[in-house]
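What follows is each chain in one-letter form.
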Amino acid sequence: SLYLNSFQTAYVNYQHYADQNVLMANINGAFAGIFLIISLIYLVYFLFDRNQKVNLYYFIFSTIVCCSNIAAAAFYDNIQNVATQMWTGFFIAILFSIGFLFMLLLIYALLKYKSRVVFKILVLTGVVFLACIFVNDVWGFILASNVFIGICMLEAARVSIVALKS
């Protein structure tokens, strides 16, 4: 037989869901504010010394992370329009992929790492992972946002270890 929650149980579940959405939106809003301040600081650094590309890369990275957190804050509890919710998820995945590529450029510039072969492969990998969103939205999003970011972090660690050894 089919069991449905009582009204009271369903209402409590909804309240818990709504509270979690508010919490997640607040967390993303706080991160957006933090990265906005960081991006403005590095923009000013870059404007004073345009030879330092590191400041430009960090400004771009921070701005992209700020924008993705703003988009994620709007994403929570937006179940009224499913199409908007899906495109917002795709937009967030694009922002994170581009942002972490700029993070790699930042690390390459900081450590004066010249070889960009792995970076070109990562750009191609990011494009393929983003295209996977259209094949299977859940797995594509996981690949484009979580797995790709992990791969970028591993590349950053590899470059850092190479720089420490030399």
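Scroll up for the structure.
No experiment lies behind these values; they were computed from the predicted model shown. (Residues numbered from 1 in each chain as written. Predicted model: local features only at pLDDT ≥ 70, side-chain atom pairs only at ≥ 80, totals over all residues. Heavy atoms only, no water.)

Participant: Is there a simple way to think about the overall build of the protein chain in this case?
Facilitator: Within the protein chain, the secondary structure is distributed over 5 helices and 0 strands. For the protein chain, the sequential pattern of α-helices and β-strands runs α-α-α-α-α. Relative to its length of 166 residues, the protein chain is extended, with a C-alpha radius of gyration of 20 Å against a globular reference of 15 Å. Over its C-alpha atoms, taken along the principal directions, the protein chain stretches across nearly 70 × 35 × 30 Å. Per-residue burial for the protein chain yields a buried fraction of 33% across its 166 residues. Partitioning the intrachain contacts of the protein chain with sequence separation of at least 6 by distance along the chain shows that 65% fall at a separation of at least 24. About 10,500 Å² of surface is accessible on the protein chain, with carbon and sulfur atoms providing 72% of the total. Across the protein chain, 8 positive and 5 negative side-chain charges occur, with their mean positions spaced 25 Å apart. (Helix = DSSP H or I, 4+ residues; strand = E, 2+ residues; numbered from the N terminus. Rg over C-alpha atoms; globule rule 2.2 N^0.38 Å. Buried < 20%, exposed > 50% of the residue type's maximum accessible area, 1.4 Å probe, protein only. Contact = heavy atoms within 4.5 Å. Areas by Shrake-Rupley, 256 points an atom, 1.4 Å probe, with all protein chains shown as cover. Lys, Arg positive; Asp, Glu negative; His and termini not counted. Charge placed at Lys NZ, Arg CZ, Asp CG, Glu CD.)

Participant: What is the right way to read the packing of helix α4 (residues 117-135) against helix α5 (residues 137-165) from this model?
Facilitator: Relative placement of two packed helices is described by the angle separating their axes and the distance separating the axes. Interhelical geometry of α4 versus α5 gives an angle of 165° and a closest axis separation of 6 Å. Considered as vectors, α4 and α5 are oriented roughly antiparallel to each other. In terms of crossing hand, the pair formed by α4 and α5 is left-handed. Taken together, the residues of α5 that come into contact with α4 (itself represented by V118, L122, T125, G126, F129, L130, C132, I133 and V135) are D137, G140, F141, L143, A144, V147, F148, I151, C152, E155 and R158. Here the contact of α4 with α5 is composed, by residue class, of 14 nonpolar, 3 polar and 3 charged. (Axes fitted to C-alpha atoms, helices over the stretch in contact; angles between N-to-C directions. Parallel < 35°, antiparallel > 145°, perpendicular 65-115°, else oblique. Left-handed = near helix turned anticlockwise from the far one by under 90°. Nonpolar A, V, L, I, M, F, W, Y, C, P; charged D, E, K, R; others polar.)

Participant: Sorry, what's going on with the pattern of salt bridges here?
Facilitator: Where charged atoms of side chains with opposite charge meet at close range, the side chains can pair. One pass over the full model with this rule turns up 1 salt bridge. Here R158 makes a salt bridge to E155, at a shortest N to O gap of 2.8 Å. With a gap of 3 residues between them, R158 and E155 both fall in helix α5, about one helical turn apart. What makes E155 buried here is its relative accessible area of 6%. (Salt bridge = Lys/Arg side-chain N within 4 Å of Asp/Glu carboxyl O.)

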